[in-house]
Amino acid sequence: MAKSETFRISSYLKDIIGRDLVTNEFVAIFELVKNSFDAGASRVDIEFNPDEHSIIIVDDGKGMSEADIRDKWLFVAYSEKALTSYRDKIRSPTQFAGSKGIGRFACDTLGSELELYSRTKDDRKISKLLIDWTKFERDGSEEFQEVVVTLESASEFPDIQWAPAPEESGTVLLIKNTRHDWDENWIKRLRSDLAKLIDPFGTTENVAVSTWLVNGSENALEGVDGPVGNKLAELLREKTSRIEVKIFGRNINTILFDRGRKIYEIREPSPYEELEDCKIDGHVYFLNKSAKSTFTRRMGVRPVEFGSVFLFLNKFRVFPVGEEFDDTLGLNRRKQQGQARYLGTRDIIGRVDVIAPPKMFREVSSRDAGLVEDARSRALYEAILRHMIMRLERYVVGVNWQDKLDQDRDTAEGLETDSARERVLSIIGSLARTKDVEIIYYDSDIARISDDPDRITDSALKAMSELAESRGDPTLLLQIEDARRRIEELKASREEAQQVAKRAIEERHRADAIIARLQQQADFLGSSRDVDVERVQLLMHQATIHLGHVRSAIANAAHEVRIILNDAVPPESIDLAELEDLFASIRQSARRVSASIAGASLSGDRLGAVLSFAPNIRVDLQTDKVEGDILQFFSEYFEVRLSNIPGIPTAKFESSNLGLTRQFSPVDVAVLIDNLLDNARKAKASKIEFVASRKGTNGVSIKVTDDGLGIDQRKVDPSKIFERGYSGSDTGTGLGLYSARQILQEMGGSISLVGDGTRADFEIFIPGGKQ
């Protein structure tokens, strides 16, 4: 017969939901302060007594009766907060901070014994609970509920040196045998974190949290005793660019300020169905160099060490969001993609408050790992990123960062220039043309058209037109028409003056054109149709030299072939060892044949290049090399030699405004380019591009890419394509890329295949200096 059974719970459960879960002393105090907040306290005092190894936490909240302690506080995982209907509290400033019902076990993290004193407004009796946490650690076989704690009455609250005892209602936690030694430095660190936990910007007045250190002195210690807080509000409001965003229900309302000046206010529908049941209020501030300096001076800590954008859930910090090394929103990953385009955690500081029903957002149980990832938390983070940070980023990058001097300003005076007004107008204009965005307000003194027709741009007129159409504002339309009229009048007067000036400078233009043509003719490949007898003789001389190289290479190859043929049939009496020597000799001759053919091929290519230069060459044919800008030669070779030639891919060279002066052979460079161009043609490419960039201190890299078939790795081994005689096709000679490498090596450079080996993309490196 089946029997009903129940779970048994070991006394070790205390550690699992206590010290093992809340491992950080600061987080433990945060948890207990949270409970005071949730009890409706108007003040919380934390008193440390190092001599007695104790901590006292006092609040003036609603307190607990004996029945509350028995039925709720001692009821593990019970949370009155989780049972409360959120609909009656969603607009309340005292929303519950937690709802797991295990924060009380943070007392165990702080000390081994607890005395809890509490009284409600309706019960004049003080209830006292005594817990020795070590009793739960003695025997794991003992059941949790069998460990005895003491609940009794007390006539008064325990002695408290600094904080006042609760008068009508409240709770006092006396934690004994503290597990950590608290001194001035630790309390200062706690206060710094409490300031960020409760109110990082000094704007909250609902709850006062104070710390105190009992040290035998009647005088308060500066920076240790007294209320926790800071004076950031004025700095952040008046000396930064900031954005305020409210997301509630189906609407998002956004206001952007720049150093105290309201720039615009917009309203748009919220796309986040997951967030309809909560209220989100965000304040994000951009700190320029001036604001960061002021922040550090006032706060005694750099902004990056203070934190970034803090997240508050029901009026309490969600850790570690906003901490120095936290990147929950992915801001630093974005900034790595563009330092000049994106804001990182070092650039901004802010606070996002979320008022939500219980369990809508869940914190990770360790209490210091943020929110549990689900659809709602993802929607929340996306809303913060897109509608707070990226909206502020669009303004900061588009307006503030365009003015280098703005980094040192703590006022909005930089917005008074025409260029700044146009940038602001561009931002507002882009909002006006964004679907479903309603512009409620904009600063018309800043976002306006310049009075100077010379400074009125088409983009400014376009932005103002979009704004006028969006708002249906007749005043703006009149401004636009007046600006266009002034522009037309200015154009007419200038055209009349230009007609007179035009006739005076036409001759100058023609002279400039003649000079420009003469300068072009002085370059490597300037156009020339007059080839005199002396230049023809030089041209033929060069052709004869390269033809001689071809003949010599062919003769050498023929000689080696005859040796191979003579040795190919060994006498009948030859032994095995002599046969191996014979084969080795044949192989050596074959390699020499291959080398001779490769040399002949390169000389033939050079001969072709020399002959092709015949109608327009401007280099000294009496020498193999010239000294000049090799990148200029590339540019002119592409423009003059490779322009509009049928049957080859469209060739383009981009010098990136670089130059590289050195000695080089124009013929060899032409061979190099032609070989790569011919390979692209064979791969059925329609275009090929050569793009130069600086490499090293005085070298240049040229990336070569085409849109051809690439490299079929089933047929071609990419590691061998530069070897002599290796070809990826049945009809290839295997000499084109080999020759290209030889030419570059003679220049002290190199050519390599880049990428994953499937594309025929190359990188050419040419060093600077004389080679």
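**Let's talk about the confidence of the model for the protein chain**
Here is step 1 of the chain: Averaged over all residues, the pLDDT of the protein chain is 77; the fraction at 70 or higher stands at 69%.
Here is step 2 of the chain: This model gives residues 82–100 a pLDDT under 50, and the stretch forms 43 contacts once residues within four places in sequence are excluded.
Here is step 3 of the chain: Considering only residues more than four positions removed or in separate chains, one finds that residues 614–622, a stretch of pLDDT under 50, has 28 contacts.

**Some remarks on the pattern of salt bridges**
Pairs can form between side chains of opposite charge whenever their charged atoms are close.
Here is step 1 of the chain: Summed over the entire model, instances satisfying the criterion amount to 36 salt bridges.
Here is step 2 of the chain: Linked by salt bridges that have partners in common, D258, R259, D403, D406 and R409 make up one network.

**Quick notes on the sheet that holds strand β20 (residues 687–695)**
Here is step 1 of the chain: Spatial strand order, β18-β20-β21-β23-β22: five strands in an open sheet with mixed pairing. Two strands bound the open sheet, and with one partner strand each, they are β18 (650–654) and β22 (750–754). Between one strand axis and the next, the sheet turns by 20 degrees as a mean value, whatever way the strands run.
Here is step 2 of the chain: In the sheet, strand β21 (residues 699–706) pairs with strand β23 (residues 761–766) via five bridges, with the strands oriented antiparallel. Paired with K703 across the bridge in β23 is E763.
Here is step 3 of the chain: Packing of helix α17 (residues 630–640) onto the sheet brings it into contact with β18, β20, β21 and β23, and relative to β18 it is tilted by some 155 degrees.
Here is step 4 of the chain: Sitting on the sheet, helix α18 (residues 666–682) is in contact with β18, β20, β21, β22 and β23, with an inclination near 135 degrees to β20.

**Side note on α17**
Here is step 1 of the chain: Among the 11 residues that make up α17, eight are buried, leaving the element largely enclosed by the rest of the structure.
Here is step 2 of the chain: All buried positions along α17 are accounted for by I630, L631, F633, F634, S635, E636, Y637 and F638.
Here is step 3 of the chain: Sitting at the head of α17, D629 places a side-chain oxygen 3.0 Å from the backbone nitrogen of L631.

**Section: the pairing of strand β6 (residues 170–178)**
Here is step 1 of the chain: For β6, the tally of buried residues reaches seven of nine residues, placing the bulk of the element in the interior.
Here is step 2 of the chain: Across six bridges, the pairing between strand β2 (residues 54–59) and β6 is antiparallel. Looking at the pairing, V58 lines up with V172 of β6.
Here is step 3 of the chain: Pairing analysis gives eight bridges linking strand β3 (residues 111–119) to β6, with the strands arranged antiparallel. Looking at β6, one finds that Y117 is bridged to V172.

**Some points on the sheet that holds β3**
Here is step 1 of the chain: Spatial ordering of the open sheet is given by β5-β4-β3-β6-β2-β1-β7-β8, a layout of eight strands whose pairing is mixed. Pairing within the sheet leaves two strands with one partner each, and these edge strands are β5 (150–154) and β8 (226–227).
Here is step 2 of the chain: As defined by bridge partners, strand β1 (residues 43–49) adjoins β2 across six bridges and the pair is classed as antiparallel. Considered in β2, the bridge of E47 is made with I56.
Here is step 3 of the chain: Across the sheet, helix α2 (residues 25–38) lies against β1, β2, β6 and β7 (208–213), angled at about 145 degrees from β1, the strand it touches most.
Here is step 4 of the chain: Across the face of the sheet, helix α3 (residues 66–73) comes into contact with β3, β4 (126–132) and β5 while running at roughly 35 degrees to β4.

**Brief notes about the packing of helix α11 (residues 375–400) against helix α12 (residues 418–432)**
Here is step 1 of the chain: Axis separation between α11 and α12 bottoms out at 9 Å; the angle between their running directions is 150 degrees. For the pair α11 and α12, the sense of crossing is right-handed. Residue-level inspection shows R391, R394, Y395, G398 and V399 of α11 in contact with α12, the latter providing R423, V424, S426, I427, S430 and L431.

**Observations concerning the nonpolar core**
Here is step 1 of the chain: The biggest cluster of nonpolar side chains holds 52 residues, and the ones touching the most others in it are L311, V354 and F361.
Here is step 2 of the chain: Per-element accounting of this core gives the leading share, 12 residues, to α11.
Here is step 3 of the chain: Filtering out sequence-adjacent residues up to four positions away, V354 remains in contact with C278, K279, I280, L311, F312, L313, N314, F361 and L380.

**Here we look at the environment of S444**
Here is step 1 of the chain: Secondary-structure assignment places S444 in the loop between β16 (438–442) and α13 (458–471).
Here is step 2 of the chain: A C-alpha to C-alpha distance of 8.7 Å links S444 and I263, two positions 181 residues apart in sequence.

Reading the values: rules and limits
Residues numbered from 1 in each chain as written. Predicted model: local features only at pLDDT ≥ 70, side-chain atom pairs only at ≥ 80, totals over all residues. Heavy atoms only, no water. pLDDT = per-residue confidence, 0-100. Contact = heavy atoms within 4.5 Å. Salt bridge = Lys/Arg side-chain N within 4 Å of Asp/Glu carboxyl O. Pairing = 2+ DSSP bridges. Helix = DSSP H or I, 4+ residues; strand = E, 2+ residues; numbered from the N terminus. Axes fitted to C-alpha atoms, helices over the stretch in contact; angles between N-to-C directions. Buried < 20%, exposed > 50% of the residue type's maximum accessible area, 1.4 Å probe, protein only. Polar contact = N/O pair within 3.5 Å; in protein donor to acceptor, adjacent residues only side chain to side chain. Left-handed = near helix turned anticlockwise from the far one by under 90°. Core = buried A, V, L, I, M, F, W, Y, C linked by side-chain atoms within 4.5 Å.

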